[in-house]
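# Observations on the three-dimensional arrangement
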Amino acid sequence: MENRTQINGRRTVVTGIGLLSPLGMTVDANWSALVRGQSGIDRITRFDCSKIPVQIAGEVRGFNPDPFFSSKEARKMGLFMQYGVAASMLALKDAGLSGRFGEQGDAAKFDPTRVGVNVSAGMGGLPEIQEWDRELVSKEKKSITPFFVPMIIPNLISGHTSIFTNIQGPNLCVVTACATSAHALGEAKRIIERGDADIMVSGGAEAVVCEIGIVGFASMRALSTRNDAPKEASRPYDKNRDGFVVAEGAAVLILEELEHAKKRGAKIYCELAGYGYSGDANHITSPCADGSGAIRSMSGALKDAHISASQVNYVNTHGTSTTVGDVAEAQAIAKLWGPDADALHISSTKSMTGHLLGATGSFEAAVCALAIQHSLVPPTINLNTLDDECAATKLNFTPNKAVEKKISAALTNSFGFGGTNASLVLREFK
């Protein structure tokens with residue numbers, strides 16, 4: 001693919017990744033599980049789930065906040081914030097930027113006003129809202145912790161990360177439901193291109209595995225009730241799918257202006273080359289049946305990357321395991337790629353992680369970066385009998401087993417309630 005420039009000649013590359021998910025708490029653990037086709041979904045352990053209809057989720061197991069911040073600081077944060085800040089710290093370490101910008105550690109020599117943060121959540125502190133509501137009602141209290149509001153609002157992931165690392169540049173939060181962290185990455189890319197920052201810490205986090213979160217989605221009939229077979233519950237594109245599986249975690253990427261990264265000798269995973277977005281204007285939960293919103297979003301990302309669909313050979317789909325959504329996205333991809341779809345692999349890694357909601361876009365962007373690096377397409381597991389409408393697209397859904405494949409460019413989709421769509425193109429850096 002041809003060399004190109006972006007706004008003001010500034011290009012954006014990925015120089016660090018931090019991941020926490022049901023598959024593990026390191027990049028290597030997550031990637032190893034993905035290529036093995038290992039599911040992180042199991043019976044809920046966070047609370048007694050025996051009296052609710054959905055008893056499965058993708059939980060982050062064994063998380064310890066101690067390496068990242070003090071127990072005193074942890075008490076001021078909702079769990080989703082703890083995940084997001086921890087993933088930010090892991091990503092900065094991976095990028096060789098540990099410490100406090102302009103003050104100490106590897107980050108000391110970099111101007112803190114040229115570094116920004118945009119780490120977001122789609123839903124915020126549901127478990128904390130539930131917990132403190134119970135405190136008020138059951139114990140008839142007249143007050144609660146003064147940290148309640150700062151514990152639940154999504155932008156405090158960025159706020160805490162900024163405070164801990166002395167980041168003084170752009171500090172913001174994008175909230176667009178399940179497209180949250182994809183939009184966060186795209187907007188961070190734009191910030192770098194405009195010259196407002198040289199480094200952006202960007203991604204998303206979510207932690208809504210609690211009674212109100214699970215029952216809320218279950219009441220919409222959106223969730224799988226395959227309680228006796230949790231590892232088989234998330235099955236995008238499969239004829240026998242019965243809904244998605246709620247999951248939690250965080251994924252943060254360090255985005256950096258190319259020349260800045262090269263000057264400091266940074267490791268470069270890939271280039272974040274394209275960002276597109278659109279609105280369905282259709283329904284609060286259902287996408288356009290013809291996939292037109294997804295097509296506009298993907299087309300925008302391809303245009304931004306200055307490449308054609310034929311140059312993208314892997315798509316990590318939104319693929320949540322819902323009846324309408326899976327079909328609409330598959331049909332949109334088939335229409336956009338046309339005859340070039342024969343050389344395309346697609347897969348939904350939500351079959352293994354479950355749906356990380358606001359963290360899903362950045363997690364799956366990280367998957368694309370790793371797929372490019374390792375020349376390997378992770379599979380869609382639990383895909384045993386392809387849905388008839390999906391089969392009609394003749395796409396290669398990469399069923400059940402990873403495939404070795406040179407990936408020059410990958411695209412990932414994230415779609416959220418309210419008809420909000422985001423697409424990102426990541427490409428091999430040369």
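Scroll up for the structure.
Okay, so let's go over this structure. In this text, all values refer to a predicted model and were calculated from it rather than measured experimentally.

## Things to note about the overall build of the chain
Along the chain, the regular secondary structure elements total 14 helices and 13 strands. Scaling as 2.2 N^0.38, a compact globule of 430 residues should have a C-alpha radius of gyration of about 22 Å, and the chain matches this with 20 Å. Here the C-alpha coordinates of the chain stretch approximately 65 × 55 × 40 Å along the principal axes. Within the chain, contacts between residues at least 6 apart in sequence are counted, and of these 78% link residues at least 24 apart. Here the chain displays about 15900 Å² of accessible surface, and carbon together with sulfur accounts for 52% of that area.

## Topic: the pairing of strand S6 (residues 249–257)
Among the nine residues that make up S6, nine are buried, leaving the element largely enclosed by the rest of the structure. Residues of S6 alternate between two faces, with Gly249, Ala251, Leu253, Leu255 and Glu257 on one and Ala250, Val252, Ile254 and Glu256 on the opposite face, all of them buried. Pairing analysis gives eight bridges linking strand S1 (residues 12–20) to S6, with the strands arranged antiparallel. Among the inter-strand pairings, Gly16 is bridged to a residue of S6, identified as Ile254. Sheet topology note: the strand S5 (residues 199–206)/S6 ladder contains eight bridges and is antiparallel. The partner of Met200 across the bridge, within S6, is Leu255.

## Some remarks on the nonpolar core
Among the nonpolar cores identified, the biggest contains 46 residues, and Val14, Ile17, Leu253, Leu255, Tyr314, Leu424 and Leu426 are the most heavily contacted of them. Among the elements of the structure, S1, helix H1 (27–36), helix H7 (180–194), S6, strand S7 (270–279), helix H13 (360–374), strand S10 (376–377) and strand S13 (420–427) are those that each provide at least two residues to this core. The dominant element in this core, judged by the number of residues it contributes, is H13, at nine residues. Apart from residues lying up to four places away in sequence, Leu426 is in contact with Val14, Cys270, Glu271, Leu272, Ala365, Cys368, Ala369, Ile372, Ala409, Ala410 and Thr412. Counting 34 residues, the second largest nonpolar core, distinct from the first, contains Val60, Ala74, Ala87 and Leu156.

## Points about the pattern of salt bridges
Counted according to the given criterion, the structure contains 24 salt bridges. Note that Asp198 is salt-bridged to Arg114, the shortest N-O span being 3.0 Å. Separated by 84 residues along the polypeptide, Asp198 in the loop between H7 and S5 and Arg114 in the loop between helix H3 (79–94) and strand S4 (115–120) bring together distant segments of the chain. Between Arg190 and Asp304 there is a salt bridge; the shortest N-O distance is 3.3 Å. You can see Arg190 sitting in helix H7 and its partner Asp304 sitting in helix H10 (residues 292–305), a full 114 residues away along the chain. Taken as a pair, Arg190 and Asp304 share a single burial class, namely buried. Members of the salt-bridge network, linked through shared partners, are Lys189, Arg190, Glu193 and Asp304.

## Re the packing of H3 against helix H6 (residues 156–165)
Between H3 and H6, the shortest axis-to-axis distance is 9 Å and the interhelical angle comes to 45 degrees. The angle between the axes of H3 and H6 places the two elements in the oblique class. Of the two possible hands of crossing, H3 and H6 adopt the one that is right-handed. When H3 is examined against H6, the residues Phe80, Met81, Gly84, Val85, Ser88, Met89 and Leu92 are found in contact with a partner set consisting of Leu156, Ile157, His160, Thr161, Phe164 and Thr165. Classifying every residue of the contact of H3 with H6 gives eight nonpolar, five polar and no charged.

## Focus on the sheet that holds strand S9 (residues 345–347)
What the nine strands build is an open sheet, ordered S4-S5-S6-S1-S7-S13-S12-S8-S9; its pairing is mixed. Where the open sheet ends on each side, the last strands, each with one partner, are S4 and S9. The sheet shows a mean angle of 25 degrees between the axes of neighbouring strands, taken without regard to direction. Running over the sheet, helix H11 (residues 323–337) touches strand S8 (314–316), S9 and strand S12 (409–416) and is turned about 140 degrees from S12.

## Observations concerning the state of the cysteines
Counted under the stated rule, the structure contains zero disulfides. Of all cysteine sulfurs, the one in Cys368 lies closest to Cys270, which takes part in no disulfide; the gap is 8.4 Å. Relative accessible area serves as the criterion here: at 0%, Cys270 is assigned to the buried category. Cys390 forms no disulfide, and the closest cysteine sulfur to it belongs to Cys288, at a distance of 17 Å.

## Quick word on the environment of Ala402
Examined against the element boundaries, Ala402 turns out to sit in the loop between helix H14 (388–391) and strand S11 (403–404). Apart from the residues lying within four places of it in its own chain, the contact partners of Ala402 are Val35, Leu376, Val377, Pro378 and Pro379.

## Observations regarding the packing of helix H4 (residues 126–138) against helix H8 (residues 211–219)
Orientation of H4 relative to H8, taken along the N-to-C sense of each, is 115 degrees, at an axis distance of 8 Å. Here H4 is positioned roughly perpendicular relative to H8, judged by the angle of their axes. Mapping the contact onto sequence places Leu126, Gln130 and Arg134 in H4 and Glu211, Ile212 and Gly213 in H8. Across the contact of H4 with H8, the residue classes break down as two nonpolar, two polar and two charged.

## Comments concerning unusual backbone geometry
For Asn166, which is not a glycine, the phi torsion comes out positive at approximately 65 degrees. Taking relative accessible area as the criterion, Asn166 reaches 12% and is therefore assigned buried. The phi dihedral of Thr398 falls on the positive side, at around 50 degrees, and the residue is not glycine. Within the element layout of this structure, Thr398 appears in the loop between H14 and S11.

Basis of the calculations
Residues numbered from 1 in each chain as written. Predicted model: local features only at pLDDT ≥ 70, side-chain atom pairs only at ≥ 80, totals over all residues. Heavy atoms only, no water. Helix = DSSP H or I, 4+ residues; strand = E, 2+ residues; numbered from the N terminus. Rg over C-alpha atoms; globule rule 2.2 N^0.38 Å. Contact = heavy atoms within 4.5 Å. Areas by Shrake-Rupley, 256 points an atom, 1.4 Å probe, with all protein chains shown as cover. Buried < 20%, exposed > 50% of the residue type's maximum accessible area, 1.4 Å probe, protein only. Pairing = 2+ DSSP bridges. Core = buried A, V, L, I, M, F, W, Y, C linked by side-chain atoms within 4.5 Å. Salt bridge = Lys/Arg side-chain N within 4 Å of Asp/Glu carboxyl O. Axes fitted to C-alpha atoms, helices over the stretch in contact; angles between N-to-C directions. Parallel < 35°, antiparallel > 145°, perpendicular 65-115°, else oblique. Left-handed = near helix turned anticlockwise from the far one by under 90°. Nonpolar A, V, L, I, M, F, W, Y, C, P; charged D, E, K, R; others polar. Disulfide = S-S within 2.5 Å.

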